[in-house]
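# Overview (structure and organization)
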Amino acid sequence: MSSNAASEEMSNGLSSAKREDIWALIIAGVVMLVSMAAPEIVHDIFAKLLYVF
Amino acid sequence: MTRSLFAPGWTKIIPGLIFCALFAWIVMNIDHTLSTYQRADAASQAIPKLHERLDAASAEGNADEVASIRKTIDKHQKALDVVGGQIGARWAWATLLYEDFQFKYVAILLIGGILIRNLFGVPEIFKAGIGVARPLIKPGIIILGVHYVWSDVVRVGGTGLILATVFIFGTAITVMWLSRRYGVSDGLGGIMGAGTGVCGVSAIIATAPVVKAKPRDMAYAIGTILLFGTVMLFIMPYLGHALSVSESQFGAWAAVAILNTAQLIAAAEWYGEEARNTAVLINAARIMLIPLIVVFAVWFYGLRDEGGRIGFWATMRAKFPVFILGFFVLIILNSIGLEFFGGPTTSGSPFWAMNAVYKWFFAIGFAGIGLSISIEDMKQAGGTAFVIGSGAAMAKMVLGLIVVLLLGTELLRVAGG
């Protein structure tokens, strides 16, 4: 079993679920950094600007 | 490492992702318009009644009551001003669609997506991107961490963890045992047990290589999970309203009964904000059990590596959903109460800005769910395993409802901070 789990990861580099998880962490991290740098702009874009009608 | 973050042929996902983002953007704007007119309709009817209460409170000299009513009138007046309406005007169509029919962005994206996929079809060029849109719910879940504090995690998450453990292992053991008893292959019985117990498709994919399930077994199990999840996703919110289930109770019920993370978040978000907050927290506890269910399947079917070991830690490492760590990091930051980060309602703070973003990730993810629900895929469901799997999932739904009704609302409500 341990070889099963390990080989699944090794053959593809990362399993698709792990890749999704890491991308989710990266995206959330970027959102957090941008929100720390310019909270008003982020809020305006996502709470106002994107609603056009 | 960086290269392995990009799946081979990753550029193929771009058209489908853009398609989902565009679909989500249109629907979010429709939702915004409907909610704006529904609020105006409610305000138009409420303001005259509030003025009567204000006169009565003023006559009694109740200053606190007068201040509170004035504040509510101001709020309603703002809702009316947004559409340039007068007191007494009606926008009954908005109330009918948004309140009575619960035609919110979740429902529009799911129903619209299913109709597009099955009536008109989705061009091949979009399919890869649509498959990738669904996991965009994960960054949304991480960002939603700004809504919680540790006391929520201990109370609601602790209760949820106990609920999830009992229901997950109860369902998985029952399905695996019945499958073996009625002659279903170990591969199909194993993934059906994991799928109906934990997180549907994710658990099936995680367990399949371990129990050596065949591609046809996976198609059967995924078909069953998708069929059951889709039916529950649409029935449960209406059932919840009919049975007067509170939002927090519904969140816990959905987290126990609906198998797929994306579908349960969709059902809970559709039901209301409190339902979603409870569902996300209990789901966080639930998905951490995926590696344990895989280890259980290994033990149940007597599978071992060359050295005769189960490989507990290797399985835990390989199957643990690491994204959930980001969710807990944000809960810690919110619980510490650092002034710099503020909170989801502290205007001008980073967490306030992040709070405006998560819904867009959810919307793109829900677009991905709707557009990927294919009637043809669900026709794959069938056979003895289907009867056992859906019977167990149905029993879990009914028992889950009874348990959350007995637990009450307070134990399951996320207070936030």
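The rules behind the values
- Residues numbered from 1 in each chain as written.
- Chains lettered and ligands numbered in written order.
- Predicted model: local features only at pLDDT ≥ 70, side-chain atom pairs only at ≥ 80, totals over all residues.
- Heavy atoms only, no water.
- Helix = DSSP H or I, 4+ residues; strand = E, 2+ residues; numbered from the N terminus.
- Contact = heavy atoms within 4.5 Å.
- Areas by Shrake-Rupley, 256 points an atom, 1.4 Å probe, with all protein chains shown as cover.
- Buried < 20%, exposed > 50% of the residue type's maximum accessible area, 1.4 Å probe, protein only.
- pLDDT = per-residue confidence, 0-100.
- Core = buried A, V, L, I, M, F, W, Y, C linked by side-chain atoms within 4.5 Å.
- Arc of directions from axis to C-beta.
- Phe/Tyr/Trp six-rings, centres within 6.5 Å; stacked < 30°, edge-to-face > 60°.
- Salt bridge = Lys/Arg side-chain N within 4 Å of Asp/Glu carboxyl O.
- Patch = residues over 30% accessible without salt bridge, like charges linked within 9 Å, V, L, I, M, F, W, Y side chains within 5 Å.
- Axes fitted to C-alpha atoms, helices over the stretch in contact; angles between N-to-C directions.
- Parallel < 35°, antiparallel > 145°, perpendicular 65-115°, else oblique.
- Left-handed = near helix turned anticlockwise from the far one by under 90°.
- Expected span 1.5 Å × (residues − 1).

## A word on the overall build of chain B
Helix and strand content of chain B: 20 helices and zero strands. Intrachain contacts of chain B at a sequence separation of at least 6 include 81% that bridge at least 24 residues. For chain B, the exposed area adds up to about 17,800 Å²; of that, 65% sits on carbon and sulfur atoms.

## What to know about the overall build of chain A
Secondary structure summary: chain A contains three helices and zero strands in total. Moving toward the C terminus, one meets the helices and strands of chain A in the order α-α-α. A total of 53 residues make up chain A; the buried ones form 36% of that total.

## Remarks on unusual backbone geometry
Residue and element names in this part refer to chain B. Phi is positive for Gln102, which is not a glycine, with a value near 55°. Note on placement: Gln102 falls in the loop between helix 3 (92-100) and helix 4 (105-120). Overall, Gln102 belongs to the buried group, its relative accessible area being 10%.

## Some words on the confidence of the model for chain B
Mean pLDDT for chain B: 85, with 89% of residues reaching 70 or above. As scored by the predictor, the complex reaches a pTM of 0.81 and an ipTM of 0.84.

## So, the nonpolar core
Generally speaking, a soluble globular protein has its nonpolar side chains buried in company with each other. Core analysis: the largest hydrophobic core is formed by 116 residues, its most contacted members being B:Tyr105, B:Ile141, B:Met236, B:Phe250, B:Phe327, B:Phe362 and B:Phe366. Membership of the second largest hydrophobic core comes to seven residues, among which are B:Leu50, B:Leu54, B:Ile69 and B:Ile73.

## Let's talk about helix 5 (residues 124-133) of chain B
Residue and element names in this part refer to chain B. If you check which residues of helix 5 are buried, you get Gly129, Ile130 and Ala133. Burial along helix 5 is one-sided: seen end-on, the buried residues are contained in an arc of 110°. Of the surrounding elements, those touching the buried residues of helix 5 are helix 1 (13-60), helix 6 (137-143) and helix 18 (358-372).

## Side note on the packing of aromatic side chains
Residue and element names in this part refer to chain B. Inspection of the entire model under this criterion finds 18 aromatic pairs over all chains. Between Tyr105 and Phe366, the aromatic rings sit 6.0 Å apart at their centres with planes inclined by 35°, giving tilted as the arrangement. Here Tyr105, found in helix 4, pairs with Phe366, found in helix 18; they are 261 residues apart in sequence, far enough to count as distant. On the accessibility criterion, Tyr105 (4% relative accessible area) is buried. The class for Phe366 is buried, based on a relative accessible area of 0%.

## A closer look at the pattern of salt bridges
All names here are of chain B. With the rule as written, the count across this model stands at ten salt bridges over all chains. Across the pair Glu124 and Lys127 runs a salt bridge whose closest N-O atoms are separated by 3.5 Å. Taken as a pair, Glu124 and Lys127 lie in helix 5 at a separation of three residues, close to a single helical turn. Residue Glu124 is classed as exposed on the basis of its relative accessible area, which comes to 61%. For Lys127, a relative accessible area of 33% gives the class partly exposed. For Arg413, the salt bridge identified is with Glu274, shortest N-O distance 3.4 Å. Of this pair, Arg413 sits in the segment after helix 20 (383-407) while Glu274 sits in helix 13 (residues 273-287), and the two are 139 residues apart along the sequence.

## Digging into the environment of B:Met394
Residue and element names in this part refer to chain B. Relative to the helices and strands, Met394 resides in helix 20. A relative accessible area of 38% places Met394 in the partly exposed class. It is 23 Å that separates the C-alpha atoms of Met394 and Thr409, two residues lying 15 residues apart in sequence.

## Topic: a nonpolar patch on the surface
All names here are of chain B. Together, Leu96, Phe101, Phe103, Ile111, Leu115, Leu119 and Phe120 make up an exposed nonpolar region whose accessible area comes to about 700 Å². Per-element accounting of the nonpolar patch gives the leading share, four residues, to helix 4. Topologically, Phe120 is positioned in helix 4. For Phe120, a relative accessible area of 68% gives the class exposed.

## A look at the packing of helix 13 of chain B against helix 16 (residues 323-336) of chain B
Residues and elements named next belong to chain B. At a minimum axis distance of 11 Å, the contact between helix 13 and helix 16 shows a crossing angle of 135°. Taken together, the axes of helix 13 and helix 16 lie oblique to each other. Handedness of the crossing formed by helix 13 with helix 16: left-handed. Together, Val280, Leu281, Ala284 and Ile287 of helix 13 and Phe323, Ile324, Phe327, Phe328 and Ile331 of helix 16 make up the contact between the two elements.

## Observations regarding the environment of B:Asp55
Mapping B:Asp55 onto the fold places it in helix 1. Along the backbone, B:Asp55 and B:Val66 are eleven residues apart, and their C-alpha atoms lie at a distance of 8.5 Å.

## Here's the deal with helix 18 of chain B
Taking 1.5 Å per residue, 15 residues should reach 21 Å; helix 18 of chain B reaches 21 Å between its end C-alpha atoms and fits that length. For helix 18 of chain B, a buried count of 14 out of 15 residues is recorded, marking the element as mostly surrounded by other parts of the structure.

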